[in-house]
Each structure stands twice: as C-alpha cells, then as structure tokens.
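# Observations on the model geometry
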Amino acid sequence: MGYYCLRCKRIVEITTEYQGVRCPYCGYRALRKERPEVVVKKVKAE
Amino acid sequence: MEIEIIERGKNEVKFVLSGVKTRFANALRRAMIAEVPKLAIDEVNIHENTSLLYDEQLALRLALIPLKTDLSAFSDEDRVSLTLKAESPERAGYTMVYSKELISSDPGVEAAFENIPIVKLISTEREIDGIRTVAKQKIALEAIARLGRGKEHAKWQPVTTCGYKIVPNEEARDEPLRSANKKSVTFAVEGDGSVPVDELVIEAARIMQEKCEMVVEELTRNKS
C-alpha cells in the first residue's frame, strides 16, 4: 500500500534513504496513505 | 351519518362527522394514525460517513423524511432504493445536505418536501509549514424504503395531527341521555405530505371496513 500526493493525486513510493517526504512529480510535501475499500455498514433506521 | 367538509388544504382537512358514536370516531382516528401504510426508509447501507453525525443518527434522520407514496402502486414486499452522495466544499465552509438530494430508483418516490435538512458537511482548512490542507467531510449511502404502518414505528405514521372534538348539538343539550348515540365530531387531520390527506381518510375507513368484514366472516364460519 503506497502513498499518494494530495495535490497531483499520483502514487508516490517513499524511499527511506531520502530525508523528508516530497512528491517527485510536483514537489508537494503532503502525502496520504491509501486506505483499503470501506466495508459497507448496514444500519437499521429506527 | 353525514359528512361536511369545513376546510380543505393541500395537506390538511377539517370535517364534521355527524350522527356517529364517539367510539367510531376514535376508531377512525386510530386507523389514520396506526393503520394507513406509507413508505419510509427502513435500512441504510453506509458506504462512507465522515460527517459529525453517527451512522445511527443519520439513519434515523433519513427515516423521518416523508416520502411520497402511491398506495395503489406498492405492496408490503416492495422496496425502493434511494442513494445519497455529498461532500463538503473545496475550501473552508460548509454544505447543508437537503432531502432533495436523495436520488430514488423509482421516479414516483421522492421526498415530500425538498428542503428538509439531513446533515451539515464541514470543510476545515489548516496550514502547517506553508502547506495548506483541507479536511473534508463526505457521506455516501444507500437507503432502502419499504411500506410500513404507524403501529410499528412513528416513521410510518402518515399524519402529524389527527384529532377530533365532540360538538354537542341542540338535541344533546336538551336530552343528553337520549341523544348520546347521535353526536357530531369535528375532525382535524393534517398529513405529513406522503399520502394525500383525502386519500388517507378514505384508506383509514376502508381498513376499518376490511377489519369488520373479517370479523363477520370469521363469526359466520364458526357458526356454520
């Protein structure tokens, strides 16, 4: 499971050697971890 | 028995029912509240909910939205699916999600009023070290509506106000004991918009008739 850039939305691989986090495509520094598909929750409406 | 309509609006009706016993008027009132069916959301499949409301609260708010119901077109087994997808704005601020945003699988079924607020979705903006991020709220769900009756849950109650007042007539004032069986009652019925109010009164009377016929049928079967 990788990270994606919040600005350009591209998948970014993080290298541990590199100090700090930055998108290699646009340079944006806010990345977000991809989350798995949300499980549908069934709720009784009462 | 005589019926005189005094006032008639889009969702409310006032009528005088004369020459009936109070117990009959009360039976009609109870049938209108608890026996006339209507569509209401009964189950919600929540795909995403990052709003401030809990899933259960959101489901209850959806359940209480009156849905337009054509009584001749639906049976107890029928289900109608309504989907709702909404997101807070791109910048800091909020969006109010209204009942009109519910997309129905049946074009005839929609919220009776389009301006019922469901949930407020808020976007918050913050900046850390020159990086601006916006935290957004989102809801994505599928609601399943089915026919039900007011005796099961109040969400299936097609009336908001339904009551009657006994009107003493001249005869009743003079001889109260003799005229106890001949009373006039003034009914005030206000629907919630799901079923047209005149249809609602007729349906309640029809349900009463059906029940009485069932009793007669059962009694005659036992007798023979």
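Residues numbered from 1 in each chain as written. Chains lettered and ligands numbered in written order. Predicted model: local features only at pLDDT ≥ 70, side-chain atom pairs only at ≥ 80, totals over all residues. Heavy atoms only, no water.

The subject of this paragraph is the overall build of chain B. When its secondary structure is counted, chain B shows four helices and eleven strands. Radius of gyration (C-alpha) of chain B: 24 Å, far over the 17 Å computed for a compact globule of 224 residues. With the C-alpha coordinates aligned to their principal axes, the bounding extent of chain B is approximately 90 × 45 × 25 Å. Within the span of chain B, comprising 224 residues, buried residues form 39% of the whole. (Helix = DSSP H or I, 4+ residues; strand = E, 2+ residues; numbered from the N terminus. Rg over C-alpha atoms; globule rule 2.2 N^0.38 Å. Buried < 20%, exposed > 50% of the residue type's maximum accessible area, 1.4 Å probe, protein only.)

A word on the interface of chain A and chain B. Counting from both sides, the interface comprises 13 residues of chain A and, opposite them, 18 residues of chain B. Three residues, Lys 41, Val 43 and Ala 45 of chain A, lead the burial of chain A against chain B; their summed loss comes to 41% of the area buried on that side. In this assembly, chain A and chain B are joined by three salt bridges. Note that Lys 44 of chain A and Asp 42 of chain B form a salt bridge whose closest N and O atoms lie 2.9 Å from each other. For the pair chain A and chain B, the number of links is seven residue pairs in polar contact (both at pLDDT 80 or more). Class assignment of the residues belonging to the side of chain A that touches chain B gives a composition of eight nonpolar, no polar and five charged. Inspection of the sheet shows strand β4 (residues 41-44) of chain A paired to strand β3 (residues 38-49) of chain B by four bridges, in the antiparallel sense. Bridged to Val 43 of chain A within β3 of chain B is Val 44 of chain B. (Contact = heavy atoms within 4.5 Å. Buried area = accessible area lost by both parts, 1.4 Å probe. Salt bridge = Lys/Arg side-chain N within 4 Å of Asp/Glu carboxyl O. Polar contact = N/O pair within 3.5 Å; in protein donor to acceptor, adjacent residues only side chain to side chain. Nonpolar A, V, L, I, M, F, W, Y, C, P; charged D, E, K, R; others polar. Pairing = 2+ DSSP bridges.)

All names here are of chain B. Per the domain assignment, the segments of chain B are domain 1 (2-36 + 158-223) and domain 2 (39-152). Computed from C-alpha atoms alone, the centre-to-centre distance between domain 1 and domain 2 is 36 Å. Here domain 1 and domain 2 share an interface that buries about 820 Å² over both sides, 53% of which is from carbon and sulfur atoms. Among the residues domain 1 hides against domain 2, the three largest losses belong to Ala 34, Glu 35 and Ser 194. Together they make up 42% of the total. The tally of links from domain 1 across to domain 2 stands at one salt bridge. A salt bridge links Lys 151 to Glu 35, with the shortest nitrogen-to-oxygen separation between them at 3.4 Å. For the pair domain 1 and domain 2, the interface holds four residue pairs in polar contact (both at pLDDT 80 or more). (Domains from an automatic or database assignment.)

One non-glycine residue, Lys 9 of chain A, lies in positive phi territory at about 65 degrees. Assessed through its relative accessible area of 55%, Lys 9 of chain A is described here as exposed. For Asp 129 of chain B, which is not glycine, the phi dihedral falls at a positive 50 degrees.

Our next topic: the sheet that holds β4 of chain A. Consider a sheet: its strands pair through backbone hydrogen bonds, and that pairing is either parallel or antiparallel. In space, the five strands of this open sheet follow the order β4(A)-β3(B)-β9(B)-β4(B)-β6(B), with antiparallel pairing throughout. Where the open sheet ends on each side, the last strands, each with one partner, are β4 of chain A together with β6 (103-104) of chain B. Pairing between β3 of chain B and strand β9 (residues 138-148) of chain B: ten bridges, direction antiparallel. Bridge pairing in β9 of chain B links Lys 38 of chain B to Gly 148 of chain B. The strands touched by helix α2 (residues 55-63) of chain B within the sheet are β4 of chain A together with β3, β4 (79-87) and β9 of chain B, with β3 of chain B carrying the most contacts at an inclination of about 150 degrees. (Axes fitted to C-alpha atoms, helices over the stretch in contact; angles between N-to-C directions.)

We now examine the packing of aromatic side chains. Residues and elements named next belong to chain B. Tallied over the entire structure, the rule returns two aromatic pairs over all chains. Residues Phe 15 and Phe 187 carry aromatic rings whose centres are separated by 5.2 Å and whose planes lie at 15 degrees to one another, so their mutual orientation is stacked. In this pair, Phe 15 sits in strand β2 (residues 12-20) while Phe 187 sits in strand β11 (residues 183-191), placing the two residues 172 residues apart along the sequence. Phe 15 gets classed as buried once you look at its relative accessible area, which sits at 6%. On the basis of relative accessible area, Phe 187 is assigned to the buried category, the value being 0%. Both rings, one in Tyr 164 and one in Phe 187, keep their centres 5.6 Å apart while their planes meet at 50 degrees; by these two values the pair is tilted. Taken together, the residues Tyr 164 in strand β10 (residues 159-167) and Phe 187 in strand β11 connect sequence positions 23 residues apart. Put simply, the rings of Phe 15, Tyr 164 and Phe 187 touch in pairs and so form one group of aromatic residues. The side chain of Lys 120 reaches across the aromatic face of Tyr 94, ending 4.3 Å from its centre. Between Lys 155 and the ring centre of Trp 156, over which it is positioned, the NZ or CZ distance is 4.6 Å. (Phe/Tyr/Trp six-rings, centres within 6.5 Å; stacked < 30°, edge-to-face > 60°. Lys NZ or Arg CZ within 6 Å of the ring centre and 35° of its normal.)

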